[in-house]
Amino acid sequence: MIVPTYNRRRLLELTLDSLAAQDLPRDRFEVMVVDDGSTDDTAALVREFEDRLDLRYFYQPDEGYRVAEARNTGIRHATGEICVFVDSGVLLHSGSLSAHVAGHEASAEPLALNGYVYCFNLDNEDAQRIREVVDVEDVDASIGHLARTRAWPDVREPFYERYSDDFGHLPAPWLMYWTCHASALTEQVREVGMYDERLRQWGGEDLDLAYRLHRAGARFAVSREASSIHYPHEKNHDDNTRFALENYRYIADKYGTPILQLLVEQPAIRFSNFNQVIEERGLPRCADYLTAR
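Procedures and definitions
- Residues numbered from 1 in each chain as written.
- Predicted model: local features only at pLDDT ≥ 70, side-chain atom pairs only at ≥ 80, totals over all residues.
- Heavy atoms only, no water.
- Helix = DSSP H or I, 4+ residues; strand = E, 2+ residues; numbered from the N terminus.
- Rg over C-alpha atoms; globule rule 2.2 N^0.38 Å.
- Buried < 20%, exposed > 50% of the residue type's maximum accessible area, 1.4 Å probe, protein only.
- Expected span 1.5 Å × (residues − 1).
- Contact = heavy atoms within 4.5 Å.
- Phe/Tyr/Trp six-rings, centres within 6.5 Å; stacked < 30°, edge-to-face > 60°.
- Pairing = 2+ DSSP bridges.
- Right-handed = clockwise from strand over helix to strand, strands pointing away.
- Core = buried A, V, L, I, M, F, W, Y, C linked by side-chain atoms within 4.5 Å.
- Salt bridge = Lys/Arg side-chain N within 4 Å of Asp/Glu carboxyl O.
- Axes fitted to C-alpha atoms, helices over the stretch in contact; angles between N-to-C directions.
- Parallel < 35°, antiparallel > 145°, perpendicular 65-115°, else oblique.
- Left-handed = near helix turned anticlockwise from the far one by under 90°.
- Nonpolar A, V, L, I, M, F, W, Y, C, P; charged D, E, K, R; others polar.

**Let's talk about the overall build of the protein**
When you go through the protein residue by residue, the secondary structure sums to 13 helices and 8 strands. Taken over C-alpha atoms, the radius of gyration comes to 18 Å for the protein, in line with the 19 Å a tight globule of 293 residues would show. Dimensions of the protein, computed from C-alpha atoms along their principal axes, come out at roughly 55 × 45 × 40 Å. Out of the 293 residues in the protein, the part that is buried amounts to 55%.

**Observations concerning helix H1 (residues 9–20)**
The end-to-end C-alpha separation of H1 is 16 Å, in line with the 16 Å expected for 12 residues at 1.5 Å each. Of all the residues in H1, the buried ones are Leu11, Leu12, Glu13, Leu14, Thr15, Leu16, Ser18 and Leu19. In this fold, the buried residues of H1 make contact with strand E1 (2–5), strand E2 (31–35), helix H2 (42–48), strand E4 (82–86), strand E5 (90–92) and helix H4 (96–106).

**Concerning the packing of aromatic side chains**
Enumeration according to the criterion identifies 11 aromatic pairs in this entry. Ring plane angle 90° and centroid distance 5.5 Å describe the contact between Phe85 and Tyr195, whose orientation is recorded as edge-to-face. Of the two residues, Phe85 sits in strand E4 while Tyr195 sits in the loop between helix H8 (186–191) and helix H9 (205–215), which places them 110 residues apart along the sequence. Each member of the pair Phe85 and Tyr195 is classed as buried. Their ring planes at 45° and their centres at 6.2 Å tell us that Tyr248 and Phe271 sit as a pair that is tilted.

**Brief notes about the pairing of E1**
Here E1 shows two buried faces, one formed by Ile2 and Pro4 and the other by Val3 and Thr5. Sheet topology note: the E1/E2 ladder contains 4 bridges and is parallel. When the bridges of E2 are listed, Thr5 appears paired with Asp35. Regarding the hand of the β-α-β motif, the stretch spanning E1, H1 and E2 is right-handed.

**A word on unusual backbone geometry**
For Cys119, which is not a glycine, the phi torsion comes out positive at approximately 70°. Residue position: Cys119 is located in the loop between strand E6 (111–118) and helix H5 (127–133). Accessibility expressed as a relative area gives 3% for Cys119, which makes it buried. Located in the positive-phi region is Ser164, a residue other than glycine, with phi close to 90°. Looking at where Ser164 falls in the secondary structure, it is placed in the loop between helix H7 (157–163) and strand E7 (181–185).

**Quick word on the nonpolar core**
Counting 70 residues, the largest nonpolar core has Trp174, Tyr177, Leu213, Phe220 and Ile229 as the members making the most contacts within it. Aside from chain neighbours lying at most four places away, what touches Phe220 is Ala112, Asp166, Phe167, Gly168, Pro173, Trp174, Tyr177, Ala210, Leu213 and His214. Core analysis: the second largest hydrophobic core is formed by 20 residues, Met1, Phe29, Leu53 and Leu55 among them.

**Things to note about the side chain of Gln188**
Here Gln188 lies in helix H8. Not counting chain neighbours up to four residues away, the residues in contact with Gln188 comprise Pro110, Leu213, Ala216, Gly217 and Ala218.

**Section: the pattern of salt bridges**
Under the definition given, this model contains 22 salt bridges. Between Glu205 and Arg71 there is a salt bridge, with the nearest N and O atoms lying 3.0 Å from each other. Taken together, the residues span a long stretch of sequence, with Glu205 in helix H9 and Arg71 in helix H3 (residues 67–77) at a distance of 134 residues. Like Glu205, the residue Arg71 is buried in the burial classification. The residue Asp208 makes a salt bridge to Arg212 at a minimum N-O spacing of 2.6 Å.

**Some words on the packing of helix H11 (residues 258–265) against helix H12 (residues 271–281)**
Contact pair H11 / H12: the axes reach a minimum separation of 11 Å and the direction vectors enclose 125°. Regarding the angle of H11 to H12, the classification is oblique. Crossing hand, H11 versus H12: right-handed. Here Ile259, Leu262 and Leu263 of H11 lie close against H12, whose contacting residues are Phe271, Phe274, Val277, Ile278 and Arg281. Counted by class, the contact of H11 with H12 contains 7 nonpolar, no polar and 1 charged residues.

**Section: the pairing of E4**
Counting buried residues in E4 gives 4 out of 5 residues, a clear majority hidden from the surface. Direction of pairing for E4 relative to E7: antiparallel, over a ladder of 5 bridges. Considered in E7, the bridge of Phe85 is made with Ala182.

Written out as structure tokens, the structure is:
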């Protein structure tokens, strides 16, 4: 379990509370909090959970946005077969980690598995309403309510409905692998080079990793049993969009395939529609294109 954080003490506390409530026995998972230079009392908060979780804390100085390096620190120190990536402020259902384990154990292939994330708002537009509905003291009941009422489903739900929960057959399944809540085999993550630490601003570092997992044969899917809530926090949507596009340009230049060039040339295409556009334009799959060069 790898949790990067930066000056989000309260959000981190909510995440760690949800991890302490998992039905997976404590001795079957470890939690690594990697602090990207916080100046609040994050370290003191982590110490409060040492008797509730198998927990390790790593600190790196604040030298700008280094979430890729933070996650890599967790990957390097991981002893488990599966890396589960979760951001500060993501509250996991008590059965979520068990669902990740079950998903990987049932797969004959390496798996890149999304957790299901309720309440992810791109621009934090419903923050106050979400806070009123979500009971942070009872995450399971809150997720049950969200599931019954279909309120704030995962923003990728239209994609899942179109292509199914097992979408690894698509030419670009990696576009939907977001490490706010996702998992992959530790060995495969290491083999493909982990996160690219040259990505030093918000957005795209998870897609870059997912692209390499895809090329290495990982199958992509979502587990609805590995459910969670993305609790609202302050964000700057305009800045994030600009930073992400700059990162996409870097990623497209790095790999040089027509599909990745499309990501930059047509940024208005919704990710949920991206695979449809690839197929309509007859773009070669990345592996086929690189083999033919």
